[in-house]
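Below are the chains, spelled out letter by letter.
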Amino acid sequence: MPGFEIFGDEERKEVGDVLDTGVLFRYGFDQARKGHWKARMFEAELSERVGVKYSHLCSSGTAALNIALASCGVGAGDEVIVPPFTFIATIEAVLSAGAVPVFSEIDETLCLDPEAIEKVITPRTKAVLPVHMCGAMARIDEIRDFCDKKGLILIEDACQAIGATLGGKALGTFGQMGCFSFDPVKTITCGEGGAVITDDKELYTAADNFADHGHDHIGNDRGLEGHPILGTNFRISELNAAVGLAQLRKLDYILEKQRANKKAIKDALSQPDLKSAKISFRKIPDEKGDSATFLSFLMPDESRARKVAMNFGKAGVDSCFFWYDNNWHYMRNWNHLKKLKSSAMLPVKLLDYCPDYANVNLPQSDGIMGRTISMLIKLSWREEDLTQRIEKMIDVLKIN
Ligand SMILES: *Cc1c(COP(=O)(O)O)cnc(C)c1O
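(A) Fine view of the sheet that holds strand β2 (residues 79–82). Taken in spatial order, the 7 strands line up as β1-β9-β8-β5-β4-β2-β3 in an open sheet, and their pairing is mixed. At either end of the open sheet lies a strand with only one pairing partner, and these are β1 (54–58) and β3 (100–103). The sheet shows a mean angle of 25 degrees between the axes of neighbouring strands, taken without regard to direction. As defined by bridge partners, β2 adjoins strand β4 (residues 125–128) across 3 bridges and the pair is classed as parallel. Its bridge partner lying in β4, Glu 79 is registered against Thr 125. Helix-sheet contacts for helix α2 (residues 38–50) involve β1, β8 (177–181) and β9 (194–198), and the interaxial angle to β1 is about 135 degrees.

(B) Representation of the site of the ligand. Near the ligand, the surroundings consist of 16 residues, among which Gly 61, Thr 62, Ser 181, Asp 183 and Lys 186 are the closest. Gly 61 is positioned with one of its backbone polar atoms (N or O) 2.7 Å from an oxygen atom of the ligand. One of the side-chain nitrogen or oxygen atoms of Lys 186 is found 3.1 Å away from an oxygen atom of the ligand. When isolated, the ligand has an accessible area of 380 Å², and the protein chains bury 94% of it. Of all the secondary structure elements, the ones that give two or more residues to the shell around the ligand are α3 (61–71) and α4 (89–96). A per-element tally of the shell around the ligand places α3 first, with 3 residues.

(C) Spotlight on the sheet that holds strand β10 (residues 280–281). Spatially, the 4 strands line up as an open sheet ordered β10-β11-β13-β12, and their pairing is antiparallel. Of all the strands in the sheet, just β10 and β12 (320–321) have a single pairing partner and so form its edges. As paired strands, β12 and strand β13 (residues 372–376) are joined by 2 bridges and run antiparallel to one another. In the strand pairing of β13, Cys 320 is matched with Met 375.

Calculation notes
Residues numbered from 1 in each chain as written. Predicted model: local features only at pLDDT ≥ 70, side-chain atom pairs only at ≥ 80, totals over all residues. Heavy atoms only, no water. Pairing = 2+ DSSP bridges. Helix = DSSP H or I, 4+ residues; strand = E, 2+ residues; numbered from the N terminus. Axes fitted to C-alpha atoms, helices over the stretch in contact; angles between N-to-C directions. Contact = heavy atoms within 4.5 Å. Near = heavy atom within 4 Å. Polar contact = N/O pair within 3.5 Å; in protein donor to acceptor, adjacent residues only side chain to side chain. Areas by Shrake-Rupley, 256 points an atom, 1.4 Å probe, with all protein chains shown as cover.

Keep in mind these numbers describe shape, not what the thing actually does.
See the structure below:
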């Protein structure tokens, strides 16, 4: 997820436009801004790029999730089905909404298993929030069909998957709303930023209002604007939006490079003489649509996965992740969530149906994550870096 690797003159130019005018705010100051509307332009180009009618930029991917939940009417006491493999932000957003995260199993796509969702549905289930982890897709068409059948809202956390598609359709466009992040480690970055996307005008309007204290953005005097709803401040600054705009224009280059680098490694690991290593790859429902930010593969058992991950580290194969032991991306080590530790009383604690997060049982997910290793695919690798990396990986996989 390496947008930061290709920061250059294009980003400097966009930021320069903003600094020249001194208008760092995305709204108003029409005269002073000399025609520079970076957030607005980023939104227009993003909508075009992913093929939706509306985009709203905001201050982070976490903010995008909060905005999407609020705009879709998910709030106090509503249950939202989430996967245990995600960045903790997904869960925090549900809790901030006063809603209840309900965990469901993942499958070998490393995303929510559409066949498992039914088991955790209750009369209070309001939404399903699948996460397209590590640049590739959930079986999102099946999840969408399920949500349609049950009358559930579908919000996609595509924070790690901008540019990825299923059957040519962008991830983030399958449900009512999709969320992206442009934080420093994502495919494209603007320092801090995020976006919600939708085809639904009402949802877009709700998002646009909610993210700016309920401002309706009608007329040209901010102080006189109406406030149809209460909201909060999840605004992005023009400086961040300017960087993001330059990065978005590099997305196709990034995808092409990642796909080529990933293919070289995947092909090498698929060689017949590595059969004894018994590697299998993450299931990707549409290989062509993979944004290829990560290569993920499964070892035959947990002890071997842990050993291989450790030996990759020793051999200098960097940027590999054994998520099962990771503090931030898999539920197993979320002890703060298990005890619902927060700086103040969480709304979910007031509910008599608040789940016992210390005792969530997800054997299928544990079985998969306990065997999975992921490797970040970088843009900056030269031919010889790639060759060396492959050699080292094969050495580790053959010996262990
Ligand atoms: C990064 C990320 C987020 C949060 O994005 P921020 O911009 O860092 O707030 C949410 N969900 C997933 C899956 C992420 O990877």
